[in-house]
Amino acid sequence: MMSVSARAGALSPYLQATKQTVKSLRSLAAKGLVSSAAKTVVTQFVSSMSASADVLALSQIEIKLGDIPEGKNMTFKWRGKPLFVRHRTEKEIATEAGVNIAELRDLQHDKDRVINPS
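Let's talk about the overall build of the chain
Looking only at helices and strands, one finds four helices and two strands in the chain. Secondary structure elements in the chain, listed N-terminal to C-terminal, are α-α-β-β-α-α. Evaluated residue by residue, the chain yields a buried proportion of 4% over its 118 residues. Sequence-distant contacts in the chain: of pairs separated by 6 or more residues, those separated by 24 or more amount to 4%. On the chain, roughly 10700 Å² of surface is accessible, and the fraction owed to carbon and sulfur atoms is 61%.

Focus: a nonpolar patch on the surface
Nonpolar side chains collect at one region of the surface, where Val42, Phe45, Val46 and Met49 lie side by side and expose about 420 Å² of accessible area between them. In this structure, Val42 sits in helix α1 (residues 4-48).

Details of the environment of Asp67
Locating Asp67 in the fold gives a position in the loop between α2 (53-58) and β1 (73-78). As for Asp67 and His87, which are separated by 20 residues in sequence, their C-alpha atoms are 9.6 Å apart.

Focus: the pairing of strand β2 (residues 81-86)
The pairing of β1 with β2 spans six bridges and is classified as antiparallel. Pairing of Asn73 across the sheet is with Arg86, part of β2. Counting the residues between successive antiparallel strands, the hairpin from β1 to β2 contains two residues, one of them, Arg79, with a positive phi of roughly 55°.

Some details on the confidence of the model for the chain
On average, residues of the chain carry a pLDDT of 80, and 82% of them reach 70 or more. When mean pLDDT is taken per element in the chain, β2 scores highest with 89 and α2 scores lowest with 72.

Points about the side chain of His109
One can find His109 in the loop between α3 (90-97) and α4 (110-113). Taking the relative accessible area as the measure of exposure, His109 reaches 15% and is therefore buried. A distance of 3.2 Å separates the side chain of His109 from the backbone oxygen of Ala97, its partner in a polar contact. When near neighbours in sequence (up to four residues on either side) are disregarded, His109 contacts Ala97 and Ile101.

What counts, and where the lines are drawn
The written sequence of each chain sets the order in which its residues are numbered from 1. With pLDDT at 70 or above as the cut-off, local features in this predicted model cover only qualifying residues; side-chain atom pairs require 80 or more to be listed or tallied, and sums for whole chains, interfaces and linings still use all residues. The side-chain figures draw on all heavy atoms in the structure; neither hydrogens nor water molecules are used. Where helices and strands are cited, they refer to DSSP runs of H or I of at least four residues and of E of at least two residues respectively, numbered from the N terminus. Throughout, exposure labels follow a simple rule: accessible area from a 1.4 Å probe, protein chains only, divided by the maximum for the residue type, with under 20% read as buried, over 50% as exposed, and the rest as partly exposed. Note on contacts: a residue pair is in contact if any heavy atoms of the two residues lie within 4.5 Å. Here the accessible surface of atoms and residues is derived via Shrake-Rupley with a 1.4 Å probe, and residues count as covered only by protein chains that are part of the display. Any residue with relative accessible area above 30% and no salt bridge may belong to a patch, with like charges joined within 9 Å and the nonpolar Val, Leu, Ile, Met, Phe, Trp and Tyr side chains within 5 Å. Salt bridge, as applied in this entry: a Lys or Arg side-chain nitrogen positioned within 4 Å of an Asp or Glu carboxyl oxygen. A pair of strands is treated as paired once DSSP finds two or more bridges between them. pLDDT gives the predictor's per-residue confidence on a scale running from 0 to 100. Identification of polar contacts relies on pairs of N or O atoms within 3.5 Å, with a donor-acceptor requirement for protein atoms, meaning one able to donate a hydrogen and the other able to accept it, and with residues adjacent in sequence counted only if both atoms are side-chain atoms.

Here it is as structure tokens:
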């Protein structure tokens with residue numbers, strides 16, 4: 001019959017391989033856990049910098065131009081800043097159409113800027 005020390009010596013290469021395999025698996029699991037935690041932290045950080053729902057709601061505004069009387073101004077708040085809208089009269093539109101384009105800072109005629117003047 002074989003002694004216990006002889007058996008341990010005979011299994012020694014297998015035990016070494018098993019220890020190395022367990023060590024590799026532990027290392028792999030630890031690396032996976034750390035990378036998963038790092039991904040979660042980065043995702044939370046980046047998503048915290050995106051615009052919230054109330055900010056996105058402020059980025060859009062709808063104005064009924066028919067509610068503004070002709071010749072009057074109205075001020076609206078858009079993105080925390082004032083937005084001025086004027087319903088011009090026919091006389092004001094004719095005056096602006098007669099301006100020499102060379103005198104303007106922006107060389108663009110009024111009829112090119114206005115999409116639907118009526």
